[in-house]
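Descriptive analysis of the structure
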Amino acid sequence: QQRDVPVLLTATGAVAALQSVDVKSQTTSVVTKVHIKEGQFVKAGQLLFTLDGRADEANLAKARAQLAKDEAALADAQRQLKRSQELLAQNFVSQGAVDTNLTSAQGQQAAVAASRAALDAAKLALSYTRVTAPSAGRLGAINVFPGSSVQANQTTLVTITQLDPITVAFSLPQRNLPDALKALDAGNGRVTATLNDSAGATPRTGKLSFVDSTVDAASGTVKVKARFDNKDNAQIGRAHV
């Protein structure tokens, strides 16, 4: 019988996390509270650490007070401008006086805009004292504790490893590159993986997600990756695909 049949290829691959993120503080401060435990699974946006934010809270209060002061000055300048315009209509003041009040009101508007920007900056700085998870995953070792000093963008607080979905990387002979690319473009490249360290485990079915654009000249192979659902968060090293 003449018909199309799927091209089946076999390879040994390595299982790896889809992504691993080192969580770092965006401000230099001191850790006041740790909200997590090592090995815990967290959701994106979940609170991980709280840093000392007393200085940032003071700066925020100062920015709010300055904004209130500038808004009051703006309101007064606008009243003066309106009053001078009314007097100009009655020929009690000159146009120059109105222009002076107009310039003063515009200057106060600029001051209010600057104070609002400073307030937003203070709020942003305060938000850095709450370190949250950038993505869902499993936590590694916690490197800091309450009282630990952290440096902005330097100190790694904890590492989050995403285990669902998970990736299996393997290599295929270069002669199979056209078939792999065709399956990738069509979106129907099904990959079945059997875990070497899970005797009797049910094979997992995933989907081809990446085919490298270059061929390894030494081995004559091309790197390929497949993505698998991993809701049970199995941590595995090698697989037969």
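Coordinates for the structure precede this section.
All of the points below concern the structure found in this document. Keep in mind that what you see is a predicted model, and the values were worked out from it rather than measured.

What counts and how
Chains are numbered independently. Their residues run from 1 in the order of the written sequence. Local features in this predicted model are restricted to residues whose pLDDT is 70 or higher, and side-chain atom pairs enter the listing and the counts only when it is 80 or higher, whereas totals over whole chains, interfaces and linings include all residues. Hydrogens and waters are ignored; side-chain quantities use all the structure's heavy atoms. In this description a helix means any DSSP run of H or I spanning at least four residues, a strand means any run of E spanning at least two, and both kinds are numbered starting from the N terminus. Radius of gyration here uses only the C-alpha atoms, and the compact-globule reference equals 2.2 Å multiplied by the residue count raised to the power 0.38. The classification of residues rests on relative accessible area computed with a 1.4 Å probe and restricted to protein chains. Under 20% of the type maximum is buried, over 50% is exposed, and intermediate values are partly exposed. Throughout, a residue-residue contact means that at least one pair of heavy atoms, one from each residue, lies within 4.5 Å. In this description, accessible areas are obtained by the Shrake-Rupley approach with a 1.4 Å probe, and a residue is regarded as covered only by the protein chains that are shown. For this count, His and the chain ends are skipped, Lys and Arg are scored as positive, and Asp and Glu as negative. Each charge is placed at NZ for Lys, CZ for Arg, CG for Asp and CD for Glu.

A closer look at the overall build of the chain
Counting secondary structure elements, the chain contains three helices and 12 strands. The globule rule puts the C-alpha radius of gyration for 241 residues at 18 Å, and the 31 Å found for the chain is more than 25% above it. Overall size of the chain, expressed as C-alpha extent along the three principal axes, is 105 × 50 × 35 Å. Residue burial in the chain is summarised as follows: out of 241 residues, 31% are buried. For the chain, restricting intrachain contacts to residue pairs at least 6 apart in sequence, the fraction spanning at least 24 positions comes to 75%. A total accessible area of about 14,800 Å² is found for the chain, and carbon and sulfur atoms account for 50% of it. Computed over 26 positive and 20 negative side-chain charges, the separation of the two mean positions in the chain equals 4 Å.

Focus on unusual backbone geometry
Note the cis peptide between Asp164 and Pro165, where omega equals 0 degrees. Note on placement: Pro165 falls in strand β8 (residues 156-173). A positive phi angle, close to 60 degrees, is found at Asn91, a residue other than glycine. When you line up the elements, Asn91 lands in the loop between α1 (54-89) and α2 (95-127). Since its relative accessible area comes to 69%, Asn91 is described here as exposed. Its identity is not glycine, yet Asn153 carries a phi of approximately 60 degrees, on the positive side. Relative to the assigned elements, Asn153 resides in the loop between β7 (149-150) and β8.

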